[in-house]
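Per-entry structural report
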Amino acid sequence: MKTNGEPAVTFTAATRTYGTVRAVDGIDLTIARGETVALLGRNGAGKSTAINLLLGLDEPTTGKVRLFGDAPARAVAAGRVGAMLQDTRPVPRVTVRELVEFVARTYPEPLPVDEALALAGLTELAGRRVDRLSGGQAQRVRFAIALAGDPELVVLDEPTAALDVEARAAFWDSMRGFARRGNTVLFSTHYLEEADENADRIVVVDSGRILADGTADQLKRAAGGTAVAIDLAGGPSEGLSELPGVTALEIRGDRAQLRSTDPDATVRALAARDLIRGIEVTPVSLNEAFLTLTRATGAPSTSPASPSTTPADHDMELSR
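First, a word on what this report is: a plain description of the structure on this page. Note that residues are indexed from 1 along each chain, following the sequence as it is written. It should be noted that, the model being predicted, local features are given only for residues of pLDDT at least 70 and side-chain atom pairs only at 80 or more, the latter also being counted only at that level, while totals for whole chains, interfaces and linings use all residues. Hydrogens and water molecules were not included; the side-chain quantities draw on all heavy atoms of the structure.

Here's the deal with the overall build of the chain
To keep it simple, the criterion reads: Elements are defined by DSSP. Helices are runs of H or I of four residues or more, strands are runs of E of two residues or more, and each kind is numbered from the N terminus. For every residue, the accessible area obtained with a 1.4 Å probe (protein chains only) is divided by the maximum for its type, and the residue is called buried under 20%, exposed over 50%, and partly exposed between those limits. Contacts between residues were defined by any pair of non-hydrogen atoms, one from each residue, lying within 4.5 Å.
Helix and strand counts for the chain stand at ten helices and 14 strands. Considered along the principal axes of its C-alpha atoms, the chain spans approximately 70 × 45 × 35 Å. Every one of the 320 residues in the chain was classed for burial, and the buried ones make up 48%. A sequence separation of at least 24 residues applies to 70% of the contacts in the chain between residues at least 6 apart.

In C-alpha cells:
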C-alpha cells in the first residue's frame, strides 16, 4: 500500500460550501511526496476548511480530495497521515511516554515510541506528566502523537501559535528532522518567516481560492521582488515608474522607493540618469509579498495552479 506512485496530496476542483458561503472555491493542488509545503492565508481565507477536507473531517461539496490516491479517511486510518490540530487539550495524569504508546497502539504499523519521542525532542521528558509540561513541551507532545502512526504525510495547523521564540525554534528543529526522512509536511502558519525558512513551496489562499503557488523567492519576485531606494536631492521623479523592471513607485519626502522585478536593469537605468545618490537595494520580504498578493484588486482567477504542475517544472503560478 505504501509503494504506489500517487502524489501525497491531490485536490481536484474541490469546493466546500456552507449555505451561501463558499469556504473552498475550486481548489486544484498537488503536493508531491517529500515536499514541505506552507499554506498561507488571512483569517477566513479557507485554510482550515481545506485542511479539514484533506483529513477527511469534512467532505467536499464538489470535486475530489485524495491522499496517496486514496480517500482521506482511508489514508488516515491506515496510518499514512498524522495531524497536529489547534484545538487539543492535555490529558491529565499520564506521562508523555504512556500517551504516545497509547496512540501508537491504534495504528497498524506504528513508529517505535522511542523514535517518535526522539524526533519530537521529548526523550528526556518521556517520564514527565503531560499536564505538567510547558506550552512548548506540550506542543512537541502533539507532534509526537502526530508521528505515532509512522505517517508519510504530517499536517500541522498553526503548530507554533502562542509559543515563544525558543519553543518555536525547538519545534521547527524537530519538524525538519521528520522531513529529512523523506516525509511530506503540510503546515499552515501566521508566522511568515516560518514559511520562508522551512517550506520548499508556499501556497497562498484567499477567499477559498489559490492566489499563488511557488517557492518563497518566486512569491517575492511576483510581488516585485526587490526594493530600490534613491535620494532625489531635489530632483524630479518623473519617469521613474517607467524604468526597466519597475512595478511600483512611492515618494517619501526626498526619497524614491521603487519596487523592481529586475533590479540590475533598474539600477543601470538610474545610473544612466545619474540618479544613484544614497542608493539602497534590498530584497522584498515574504511578509511584503504576501500583503501585496492578498491586497491585489479584483477576485482571484478561476484558473488556479494546475494540479499537474509541480515546483520542479514551473515558475510560480499566480492568479489575480
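On we go.
Focus on the pattern of salt bridges
As a reminder, the rule being used: A pair is scored as a salt bridge if a Lys or Arg side-chain nitrogen falls within 4 Å of a carboxyl oxygen belonging to Asp or Glu.
Tallying each qualifying case throughout the model produces 21 salt bridges. Between D131 and R129 there is a salt bridge whose closest N-O contact spans 3.0 Å. R252 is the salt-bridge partner of E250, the closest N and O atoms lying 3.1 Å from each other. Salt bridges here are not isolated pairs; linked through shared partners, they connect R22, D25 and R209.

Remarks on the pairing of strand β10 (residues 226-231)
Let me state the cut-off plainly: Here a strand pair is declared whenever DSSP counts at least two bridges between the two strands.
Strand direction decides the pairing type here: β10 and strand β12 (residues 255-260), joined by six bridges, are antiparallel. Its bridge partner lying in β12, V228 is registered against L258. As defined by bridge partners, β10 adjoins strand β13 (residues 280-283) across four bridges and the pair is classed as antiparallel. Residue pairing in the sheet places A227 in a bridge with T282 of β13.

Quick look at the environment of G5
Structurally, G5 can be placed in the segment before β1 (9-18). C-alpha of G5 to C-alpha of R33: the two residues are 28 residues apart in sequence and 9.0 Å apart in space.

Here we look at the packing of aromatic side chains
Convention followed: Only Phe, Tyr and Trp rings are paired, with Trp represented by its six-membered ring, and only when their centres lie within 6.5 Å; those with planes under 30 degrees apart are stacked, over 60 edge-to-face, the remainder tilted.
Tallying each qualifying case throughout the model produces four aromatic pairs. Summarising the aromatic geometry, the rings of F143 and F178 are spaced 6.3 Å apart at their centres and angled 80 degrees between planes, so their arrangement reads as edge-to-face. On the criterion of sequence distance, the pair formed by F143 in helix α5 (residues 135-147) and F178 in helix α6 (residues 165-179) is long-range, its members being 35 residues apart. Exposure remark for F178: the relative accessible area of 2% places this residue in the buried category. Look at F171 and W172: their rings are 5.2 Å apart centre to centre, the planes differ by 80 degrees, and that puts the pair in the edge-to-face class.

Thoughts on the packing of α5 against α6
Let me state the cut-off plainly: Throughout, an axis means a line fitted to C-alpha atoms (over the contacting stretch in the case of helices), and angles, computed between N-to-C directions, take values from 0 to 180 degrees. In these notes the angle categories are as follows: under 35 degrees is roughly parallel, over 145 is roughly antiparallel, 65 to 115 is roughly perpendicular, and the rest is oblique. Helix crossings fall into two classes, left-handed where the near helix is turned counterclockwise from the far one by less than a right angle and right-handed where it is turned clockwise. Under the grouping applied here, Gly and all other residues not named as nonpolar or charged are polar, the nonpolar ones being Ala, Val, Leu, Ile, Met, Phe, Trp, Tyr, Cys and Pro and the charged ones Asp, Glu, Lys and Arg.
At a minimum axis distance of 9 Å, the contact between α5 and α6 shows a crossing angle of 15 degrees. Here α6 runs roughly parallel to α5, going by the angle between their axes. Our pair here, α5 against α6, has a crossing hand that is right-handed. Here α5 contributes G136, R140, F143 and L147 to the contact with α6, which in turn contributes A167, F171, S174, M175 and F178. When the residues that make up the contact of α5 with α6 are grouped by side-chain class, the tally is six nonpolar, two polar and one charged.

Comments concerning a nonpolar patch on the surface
Let me state the cut-off plainly: Nonpolar side chains (Val, Leu, Ile, Met, Phe, Trp, Tyr) are joined into patches within 5 Å and like charges within 9 Å, using only residues with over 30% relative accessible area and no salt bridge. Note on areas: Shrake-Rupley with a 1.4 Å probe; residue coverage comes only from the protein chains shown.
A cluster of nonpolar side chains, contributed by I276, I279 and V281, occupies part of the molecular surface with about 220 Å² of accessible area. Structurally, I279 is set in the loop between α9 (263-272) and β13. For I279, a relative accessible area of 32% puts it in the partly exposed group.

A closer look at the side chain of S188
Considering the arrangement of structural elements, one finds S188 in strand β7 (residues 184-188). Every residue in contact with S188, bar those within four places of it in the chain, is listed here: L39, K47, I51, L156, D157, E158 and P159.

Some details on α6
This is how it is decided: Here the expected length of a helix is defined as 1.5 Å per residue gap, with one fewer gap than residues. Each polar contact in these results corresponds to two N or O atoms within 3.5 Å; when the atoms are within protein, one needs to be able to donate a hydrogen and the other to accept it, and residues that are neighboring in sequence are counted only if both atoms are side-chain atoms.
Over its 15 residues, α6 runs 21 Å from end to end, which matches the ideal 21 Å to within 8%, given 1.5 Å per residue. Burial in α6 covers these residues: A167, R168, F171, W172, S174, M175, G177, F178 and A179. Sitting at the head of α6, D164 places a side-chain oxygen 3.3 Å from the backbone nitrogen of E166.

Quick look at the packing of helix α3 (residues 96-104) against α5
As a packed pair, α3 and α5 sit with axes 9 Å apart at the nearest point and diverge in direction by 25 degrees. By the criterion of interaxial angle, the relationship of α3 to α5 is roughly parallel. You can see that α3 and α5 cross each other, and the crossing is right-handed. Residue-level inspection shows V96, L99, V100 and V103 of α3 in contact with α5, the latter providing V141, A144 and I145. Broken down by class, the residue content of the contact of α3 with α5 amounts to seven nonpolar, no polar and no charged.

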